Amino acid sequence: MSKTKSGKSKQGSSHGENTRLVHLGRDPDVYFGLANLPVGRVSTIMYPSLQAYENPNHKFRYGRTGNPTSEAFEMAMAELEGGYNAITASSGLAAITTSILAFVKTGDHILVCDSIYPPTRQFCDDTLARMGVEVEYYDPLIGKGIGKLIRRNTALIYMESPGSATFEVQDVPAIVLEAKKKGVTTMIDNSWSGGLIFKPINHGVNVSVQSITKYVGGHSDVSLGIAIADSEKTYKTLKRGALNLGTCAAPDELWLALRGLRTMAVRMKQNAQNAMKIAQWLEKRPEIKRVYYPPLKSDPNYKLWKRDFSGANGLIAILLKEAPKKAVYDFVNGLKLFPIGSSWGGYESLLQPQYLEKFRSAVPWTEKGACLRFQIGLEDPEDLIADLEKGFERFRKASR
Ligand SMILES: *Cc1c(COP(=O)(O)O)cnc(C)c1O
C-alpha cells in the first residue's frame, strides 16, 4: 500500500475507518477551533513580496490550480482510498475524461470494460476516436483473460466494478496482475463503493476515479469528481493533465463533499440494508426475470463481491419479463416513492430506465424485457415495497 503524501493524518491512520471518516480533511486548530474547515471561495491568491511570488514552494498560487478546500478534500479521499494524492473536477465525468486524457496519445490502444458508465463510453467513441486512440471493449467478466487482449501499444486498461446497470464485479486483482506484467496503466471507476467498501489502490490499480456526486455527496445537491493516484509518479501525470485542461472544482461543492464524507458510512449501511430487503422481495416476484444485486447469493457476481468488497450500497436493477410497453409505463408512472431521475447515492429512492442495447458491444444486450435501475433510499423499506407491489399489480393488469 502506498503512503499518502501528507503521511499519516493527525488522528493517525491506525484508527478504524469510521473514526477516520469523522476526522479526515479537517483541523480545527488551524481555524480558531471551528469544527469544520470554512469554505474558501477563491480565484486570487495574494503575495506579500516579489520574493514570495518567486518562491517555487509557495503552497497555493491561484484558485484553479489548488486551494485550501480542494487540498482538504483531495487529501481526505486519498487517505480513505490509500492513495498518494488526488485531483478534483467539476463532475465525475470531468474527472474521468481528464484522467484518461492524461495517460493516452494518438496511436494508443486502450481496453475499456463493456459495462462502462454510458457517458464515459460516449467520450471514448467520440473524443478519443477523433484523436486516433483505438478503444476496445472487453467482457467485464474476462478476469485474467485480459492478458490476451493487451497489445504492444496498449496504454490503459479502464475498469468499472461493479459495472453500470448490470453490476458485473470484475476480478480486479487478476486484471491488474496481467497489466503489471506488460507495464500497462490501470484505472477504475470506483463510484459504486464511495471509496469506502472497495480499495482498488490496495489491489495495485494506478488511478481510482469517482463521481463524488453519488455516495460521498449523498444529498442530490453536489456535482463533483475525483481521481486518486497510487503514487507520486501517477499523481504528477494526473495533475499535469488537470492543469493543462483547466480541470478544477468549486470550493462550495468541495465543502459539501467533505460534509457528506462524515456520514457516508452510516448512510451507505442503511441504503444497503434497505436494498437487501427489497432485492430479496423482488427476487420472488413472478413479473421479474432477473434481479441484479451482487450481495444476493443468487447473483452470479456474489462470490467476487464477497471476496473483494466490505459492504454494499442501495443500487439494484431488475429485468422485467417481456411485456407490452403500456405495462412498463403503468408500473413506473404510478409509483409514488420512486421518481424517475438520473444519478444515485442520495438519501431518496429513484428509478432510471436502462437502454442497454445501445451501450454494449463486447457482450451484446439481447434481453427483450425492460431493465430498470433503482436507487434504494433511506425511506422505510416497507413503504417502498408497498409502492412496488401496487406497481406490479398495474403491470400484470396491463400485460393481460
Ligand atoms: C454518475 C456516474 C459518473 C459521472 O458522474 P457525474 O458526477 O454525474 O459526472 C461516473 N461513473 C459512474 C459509475 C456514475 O454512475
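Residues numbered from 1 in each chain as written. Predicted model: local features only at pLDDT ≥ 70, side-chain atom pairs only at ≥ 80, totals over all residues. Heavy atoms only, no water.

(A) Structural view of unusual backbone geometry. Along the chain, Ser161 connects to Pro162 via a cis peptide bond; the corresponding omega equals -10°. At Phe167, a position not held by glycine, the phi torsion is positive, near 55°. Looking at the element boundaries, Phe167 is found in the loop between strand 4 (154-160) and helix 6 (172-181). The phi dihedral of Ser220 falls on the positive side, at around 60°, and the residue is not glycine. Along the chain, the position of Ser220 falls in the loop between strand 6 (207-211) and strand 7 (225-229). Classification of Ser220 as partly exposed rests on a relative accessible area of 47%. (Helix = DSSP H or I, 4+ residues; strand = E, 2+ residues; numbered from the N terminus. Buried < 20%, exposed > 50% of the residue type's maximum accessible area, 1.4 Å probe, protein only.)

(B) Inspection of the site of the ligand at higher detail. Around the ligand, the structure places 14 residues, and the nearest of them are Gly92, Leu93, Asp189, Thr213 and Lys214. The contact in question runs from an oxygen atom of the ligand to an N or O atom on the backbone of Gly92, over 2.8 Å. A distance of 2.8 Å separates an oxygen atom of the ligand from a polar side-chain atom of Lys214. Protein coverage of the free-state accessible area of the ligand, which is 380 Å², stands at 89%. Among the elements that make up the shell around the ligand, the one with the highest residue count is helix 4 (residues 92-103) (3 residues). Each residue belonging to the shell around the ligand can be placed in one class, and the counts come to 5 nonpolar, 6 polar and 3 charged. (Near = heavy atom within 4 Å. Polar contact = N/O pair within 3.5 Å; in protein donor to acceptor, adjacent residues only side chain to side chain. Areas by Shrake-Rupley, 256 points an atom, 1.4 Å probe, with all protein chains shown as cover. Nonpolar A, V, L, I, M, F, W, Y, C, P; charged D, E, K, R; others polar.)

(C) The domain arrangement of the protein, seen in detail. Segmentation of the protein into domains returns domain 1 (2-260) and domain 2 (264-399). The C-alpha centroid of domain 2 is placed 28 Å from the C-alpha centroid of domain 1. Counting residues at the interface gives 40 residues for domain 1 and 38 residues for domain 2. Contact between domain 1 and domain 2 buries roughly 3300 Å² in total, counting both sides, with carbon and sulfur atoms accounting for 63%. Together, Phe167, Trp192 and Tyr215 form the three largest contributors to the area buried by domain 1 at its contact with domain 2, with a combined 25%. Here domain 1 and domain 2 share 2 salt bridges between them. Its salt-bridge partner being Arg360, residue Glu168 comes within 3.9 Å of it at the nearest N-O pair. Applying the counting rule to domain 1 against domain 2 returns 21 residue pairs in polar contact (both at pLDDT 80 or more). (Domains from an automatic or database assignment. Contact = heavy atoms within 4.5 Å. Buried area = accessible area lost by both parts, 1.4 Å probe. Salt bridge = Lys/Arg side-chain N within 4 Å of Asp/Glu carboxyl O.)

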